[in-house]
Amino acid sequence: MNEFGFRQMQDIQRELQEKYKDRWTQLSPEIGRSSLLWMMIEAGEAADIIKKDGDNSIMELPEIREHFIEELCDVMMYFNDVMLCYSITPEELEKVYLKKHRRNMERW
């Protein structure tokens with residue numbers, strides 16, 4: 001099974017950017033700031049589902065679960081836009097992520 005990862009997510013985001021290039025502002029460091037804010041708004045929408053419907057509903061009710069996952073997808077789409085705006089590659093993310101993980105594993 002092929003894992004779904006950041007490389008594929010970024011390819012998808014590039015595809016969307018190309019399709020809507022006449023409607024959307026092109027990705028750049030200046031747009032990265034807005035994308036980060038939109039990402040936070042989407043994270044708030046996911047949090048609203050937790051608040052409104054509760055953890056058990058997310059775990060047990062397919063329609064609530066799908067809505068929650070959809071909001072998380074929106075977060076990931078904007079996260080990838082931020083990465084693209086600042087030309088952060090999946091390899092760079094992996095390197096720093098693993099370094100941060102090692103540091104966290106040794107904290108306490």
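Our structure's up above, just so we're on the same page.
The present account deals with the structure reproduced in this document.

Rules used in this analysis
Residues numbered from 1 in each chain as written. Predicted model: local features only at pLDDT ≥ 70, side-chain atom pairs only at ≥ 80, totals over all residues. Heavy atoms only, no water. Phe/Tyr/Trp six-rings, centres within 6.5 Å; stacked < 30°, edge-to-face > 60°. Helix = DSSP H or I, 4+ residues; strand = E, 2+ residues; numbered from the N terminus. Buried < 20%, exposed > 50% of the residue type's maximum accessible area, 1.4 Å probe, protein only. Patch = residues over 30% accessible without salt bridge, like charges linked within 9 Å, V, L, I, M, F, W, Y side chains within 5 Å. Areas by Shrake-Rupley, 256 points an atom, 1.4 Å probe, with all protein chains shown as cover. Salt bridge = Lys/Arg side-chain N within 4 Å of Asp/Glu carboxyl O. Lys, Arg positive; Asp, Glu negative; His and termini not counted. Charge placed at Lys NZ, Arg CZ, Asp CG, Glu CD.

Quick look at the packing of aromatic side chains
Taken as a whole and assessed by the stated rule, the structure comprises three aromatic pairs. Plain terms: the ring middles of Trp38 and Tyr78 are 6.4 Å apart, the flat faces sit at 20° to each other, and that makes the pair stacked. With Trp38 in helix α2 (residues 29–60) and Tyr78 in helix α3 (residues 62–85), this residue pair connects regions lying 40 residues apart in the sequence. With a relative accessible area of 45%, Trp38 lands in the partly exposed category.

Looking at a positive patch on the surface
Taken together, the side chains of Lys95, Lys99, Lys100, Arg102, Arg103 and Arg107 present a region of like positive charge at the surface. Position of Arg103 among the secondary structure elements: in helix α4 (residues 90–105). Its relative accessible area of 44% is what places Arg103 among the partly exposed residues.

What is shown is where atoms sit, not what they do.
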